Each structure stands twice: as C-alpha cells, then as structure tokens.
Amino acid sequence: MTAPPGTPAVIGFEHVSKVYRGGRVALDDVTFSLPPGGRLGLVGESGSGKTTCVRLALGLERPSSGRLTFRSDPYPRGRRGLRPLRRQVGFVLQDPYDSLDPRMRLGEIVAEPLRSAGRAVPGRAPGEVAGLVAGQLAAVGLPGADLRAHPSRYSGGGRQRIAIARALIGSPAVLICDEPTSSLDVSVQSQIVNLLLEASRERGLALLFVSHDLDLIGRITETVAVMYRGRVVEAGPAQLVRSAPRHPYTRALHDAVPASHPRERRLARPSAGGAAAGGALAGGASRSGCVFAGRCPRATPRCHSERPPTVREQSPEGPRTYDCFHPISS
Amino acid sequence: MAGRPAGRRPWQLLAGTAVLAAFAALAVAAPLAGSPLRPDLTRGLTPTGLPVGPSARYPLGTDLLGRDELARLAYGVRVSLTVAIASNIASIAIGAAVGLVAGFFRGPAEQVLMRLTDVGLALPYTLAGLVIAAIMPAGLTRVIVIITALFWSYPARLVYGEVLRLRRRGFVEAGEAMGASGLAVVRRHLLPQVTSLMLAYSPLNAASAVAFEATLSYLNAGINPPAPSLGNMISDGQAAITYRPLLVIAPGLAVMALTLAFLLVGEGMKTRDPDARRLSWLGR
C-alpha cells in the first residue's frame, strides 16, 4: 500500500548529515522519505550509515545538519518533545539477545509501549492489558506464551517475535527494522521477514527496513536507498535497482550475494562494469570526491577530486537517482 | 575434580551470616545484660578502685568506672550495627541516585555530580570526618551523617560506570525509543540492573562503616562517653591496658569480628553473584 501523491512522508530525511566527535562522518547529505504505508529499504555494508539513520529516525540521536521530519513536521528537541512521536514508531533491533530486558517478564516487555504511552498503567485493568499482550503474541506466532516467563527461555527467533509483538502492540504508524534477521538462523530468517511483511501489509504500516542484503531488500520493500560511507549512492524502485543497478557499488553489493543455485551463480558472475566486491571497507576515497572511487574499477581521476552530481532518471517503475560520473548502462 | 554442588551456599556466606546473626542477637538482647551507664561502686570495683576481672556476675569484668563491660559491649554492638545499616542504606541510596542521574541524563548534571563525586573520593576520610564532627552535636545521628556524607561517592562511581555501560544496551535504548520518560527508563531498566551490584557492594560498605564508626568514636568524634560504642570502649580501656587488657581486647575483637563477618558475606555473595565478582575484597 502506498500513499497518494502529495501525502506528507511519515519520516523524511532532508540533506541530513551526522558527524561524531573526532570528525567521523557517519552520514553525509542523506535525503530520502518514507511515505505512509510505503516500504523503504536501506542497504549497504557495515559502516555505511544505515544504523545511524535508524538511530536518528528513532530520535536516539540528533543530526549535525539537515532536516529530519515526521509527517512533515521537524523532529522535536528533547526527550519530552520526542515522546508523542516515538509512540507512533515501532522498531525491531538487530540483536534479539540485547534488545529485550533480561530481568523483565514477557508480559512486561510486550506491554512496555502501552505503559510508556500511559495506556496500561500498572494496576489498572491488568486483565485487559494481559489480553492485549497475549493476543499480540499469538499474532506473531507465539500463542499461549507464558507472560511470566523471562526472555531467556526463548531462542533468537522467538525473541525476535517478542520484539515484533512489542513493536506492533502500540499500533504505530511506522515500523523500523534494523537488520532484524542478521543474527538469526537461515531457517528462521524467512519466517521473521514474512511476519514483518504481513504486519506491514495488514496494518498499512510504513516500513523502514535496513539490511546489508540487497536481494532481501528487493523482496521486501518497494523502494531502496543504497548507502556507502554515509552517502546514498543510488535510490529508486527496489526491483529496478536490484536488476539493473546504475552505481558500481550497487552492482558490487548485488554480486557479493552468494547465489544458492548453480544457474543463479553463473548469472551472478561480476560483469565488466562490476566493482571489487567484498574488498576492503572504506576504500580510501577522499570525501571531496566520490566515496566509492577508491574501490571502483570505473573510477577516473575526476572521481577522486570531484563529487558526482545526483543524476535523476525516470523509468516505468518510478524515479531513480544515482551519484556517479560513469554509471553502468543497462 | 568434583565441583561445589549446585545450590549449596558458600561457607563464607554461612559463616558471615552466622556471626552477624550472633551479634544481632546480642544487640537485641542488650537490655537483658544490664545497664551500660550505671556504675556498680560496691561490686564493680576492687577496694583500691580498680575494675574487676571476669566473673559470674560480670562475664567480661567492669570498666574503669565499675560499669558492666558485657552490657556496654552489647550496646556498643547495637550502635555499630545501627550505624552500619543506616549509613549503608543512606550512602548507597544517595550514591546510586547520583550515579544513575549522572550516567543516564549526562550533560551538565553529569559534570556537576561526577566532579562532586571525585571530590568525595579524594577526601581523606578521617580528617573530613573530624571536620564534620566539629560542626555537629555528638550522637548516633552525627556518626550516620558523617559516614553517609563520606561513603556515598564510591557507590556513585560504581553505579555511574555501570550505567554508562548499560545505557548503550539495546533494551535501554529500546525503552527510550518507545517514548518512556527518562525516569521511567531509569526505574524499569537501569535500577534493577544496578540493584544487584549495590546489594553485592553493601556488605563491603557496611564493613567499612563499622570500622570507621569505631575510628570516629575512638577519636571522640563519634559516640561520646558515657554512651557506649566499640570505639570509645577501646579508647577508655587503654588506660587499663597493662592490668585489664580485656577492656581493649573485647571491643577490639568485636570490631574485627563484625568487619570480618560483613566481608565474609560479601565474599560469599561474590561466589554466587556475577555482579559481586567485580568488586574487590576490601571494597575500597
């Protein structure tokens, strides 16, 4: 489900930069928006700035420059100001072993967003809250779960289901998932992905899905922003970006995914325009040029000295942008 | 090699608890031992005016004024335990609150509170205790205030470090990101985590409080005579150390046994609680 044109984005990043102490640039002029009910993927390798985007979107950090909006209003300052916004945002974090308080019981963990929103004051209608929690747990595949159990009783997949139940119980407008499957067994990954997709579709939730797996993003989201060293190097319809990438880094990311079937493996061989996939991180390019120039086989001296402009391209699937002097032609 | 059976309590915990229970019973039963203040001028002193030795009537003898040494010891233990418990609770509560606020809310509050903590850690305890004693009326409250004022900084530093470690944990950030107020995050997620650390630290803190109370009273800056305390009993007994050494040995052994008992409890907890394992044997 996507929003009609002109509807304000649920979450908007407008030229957002984040520079940490010591001058480390985590985000550099990042722009993207998540429409109501839309599904946007952020993809890139470790250190590309995906998690920084999530932390900014959750209000855990503030941008150094640029504008961050929620339904076209700028993010408020301070914990108190952020509280109403945060109650409209559900999230599932990467590590299910770390994101659930080990000393809390299942019922308390899942009901926490309600307590934070003042909708489940302890001692007031506890049966009602317990019913909501049990219903939510059943909806994520944990029917009959013992609400007095501690999360340690559950495996990684079970814990991630609990985290999803917690994210959804407050009926948020947007669900942010930061690599929710990366620490799970392969057999559990697809179950969790399907659960998230189902929840997004059924509830009309906007979904911001972060992953390092371009293929996975292509299956889940409608649009994708490919990030490298804090910049969005290519963005557009997920299927298009996945099947016909313009930026050499997107191609490298695509080629880096191991194919399970021999036929796919043949097809996945790096093409002439492909980059050195799986090479060293942070390939040494200066921030004045293209961030990928140090690893890019198509790089020219200009790429090292001049920042490529953002090229906009219209396709039948939708608009696409990329930052490259030497894009891969289809 | 067979290990310790699961669930069996470590001997240190049992021994420490047993000694503390014995002292607690002595403190509770103190009134049964007689008056610690009333001198017995007929049977409590020798014809030459010296304190009498141990007897059926006075198991630990009498002091220089002919008062029952056992009754005074029982009341002295009562003082020591009261000070240990009250100052322990107060200093840990203040320290934990300071550490939680400074570690979680950061900013100017952190700077102010942690610099105050640094000052507290840098103070020479005995000298600072004497200065505070000079401006307060003598009594139990003074000792508790002095020990609390000097002992909160160490737990504050411990809790602060723990909160800095915890605040980047996923479940704490999740609590924040769910829209809970800062205080709610502290109460729901951080307080339960630091509580076990503080429980593990409290026996060590209590042991230090017992020893420090005795020091203050010995220096006439804690419980002042005629009220008994283990410290001022040692101080008074010094005058008779050549002919009635028990007047120094009995309260001295009591201080040592109480301190050791608290340390043993701390050591016993160390073998059971991972939080306690991070604490050194003597605490400070």
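The rules behind these values
- Residues numbered from 1 in each chain as written.
- Chains lettered and ligands numbered in written order.
- Predicted model: local features only at pLDDT ≥ 70, side-chain atom pairs only at ≥ 80, totals over all residues.
- Heavy atoms only, no water.
- Helix = DSSP H or I, 4+ residues; strand = E, 2+ residues; numbered from the N terminus.
- Buried < 20%, exposed > 50% of the residue type's maximum accessible area, 1.4 Å probe, protein only.
- Contact = heavy atoms within 4.5 Å.
- Areas by Shrake-Rupley, 256 points an atom, 1.4 Å probe, with all protein chains shown as cover.
- Lys, Arg positive; Asp, Glu negative; His and termini not counted.
- Charge placed at Lys NZ, Arg CZ, Asp CG, Glu CD.
- Phe/Tyr/Trp six-rings, centres within 6.5 Å; stacked < 30°, edge-to-face > 60°.
- Pairing = 2+ DSSP bridges.
- Axes fitted to C-alpha atoms, helices over the stretch in contact; angles between N-to-C directions.
- Buried area = accessible area lost by both parts, 1.4 Å probe.
- Salt bridge = Lys/Arg side-chain N within 4 Å of Asp/Glu carboxyl O.
- Parallel < 35°, antiparallel > 145°, perpendicular 65-115°, else oblique.
- Left-handed = near helix turned anticlockwise from the far one by under 90°.
- Nonpolar A, V, L, I, M, F, W, Y, C, P; charged D, E, K, R; others polar.

Further remarks concern the overall build of chain B. Scanning chain B from N- to C-terminus turns up eleven helices and zero strands. Going from N to C terminus, chain B has its helices and strands arranged as α-α-α-α-α-α-α-α-α-α-α. By its C-alpha atoms, chain B is 80 × 55 × 30 Å across when sized along the principal axes. When the 284 residues of chain B are sorted by exposure, 51% land in the buried category. The long-range share in chain B, meaning contacts at least 24 apart out of those at least 6 apart in sequence, stands at 74%. Of the roughly 12,500 Å² of accessible surface on chain B, a fraction of 70% belongs to carbon and sulfur atoms. For chain B, the separation between the mean place of its 25 positive charges and that of its 14 negative charges on side chains is 5 Å.

A few words now on the packing of aromatic side chains. Residue and element names in this part refer to chain A. In total, this model carries nine aromatic pairs over all chains according to the counting rule given. Taking 4.4 Å as the distance between ring centres and 20 degrees as the angle between the ring planes, the aromatic pair formed by Phe13 and Phe32 counts as stacked. Of this pair, Phe13 sits in strand S1 (residues 11-19) while Phe32 is found in strand S2 (residues 25-34), placing the two residues 19 residues apart along the sequence. You can call Phe13 buried: its relative accessible area is 0%. Pairwise contacts between aromatic rings join Tyr228, Tyr249 and Phe292 into one cluster.

This next bit is on the sheet that holds S1 of chain A. All names here are of chain A. In spatial order, the strands read S2-S1-S4-S5; together these four strands make up an open sheet with antiparallel pairing. Both outer strands of the open sheet, S2 and strand S5 (73-74), are each paired with one neighbouring strand and no more. Bridge count between strand S4 (residues 65-70) and S5: two bridges; the pairing is antiparallel. When the bridges of S5 are listed, Thr69 appears paired with Pro74. Its contacts with the sheet place helix H1 (residues 50-57) against S1, S2 and S4, and it is angled at close to 115 degrees to S1.

The next subject is the interface of chain B and chain A. Taken together, the contact pairs 24 residues of chain B with 22 residues of chain A. Of the roughly 2,000 Å² buried where chain B meets chain A, counting both sides, 47% is carbon and sulfur surface. Broken down residue by residue, the surface that chain B buries against chain A is led by Ala177, Met178 and Arg188 of chain B, which jointly contribute 33%. Viewed at the interface, chain A and chain B are joined by four salt bridges. Linking Arg79 of chain A and Glu176 of chain B is a salt bridge whose minimum nitrogen-to-oxygen distance equals 2.5 Å.

Residues and elements named next belong to chain B. Contact geometry of helix H3 (residues 107-122) with helix H6 (residues 153-166) gives a least axis separation of 8 Å together with a crossing angle of 135 degrees. When the axes of H3 and H6 are compared, the pair comes out oblique. Considering how the two elements wind past one another, H3 and H6 form a crossing that is left-handed. When H3 is examined against H6, the residues Glu110, Met114, Arg115, Thr117, Asp118, Gly120 and Leu121 are found in contact with a partner set consisting of Ser153, Tyr154, Ala156, Arg157 and Tyr160. Residues that form the contact of H3 with H6 fall into these classes: five nonpolar, three polar and four charged.

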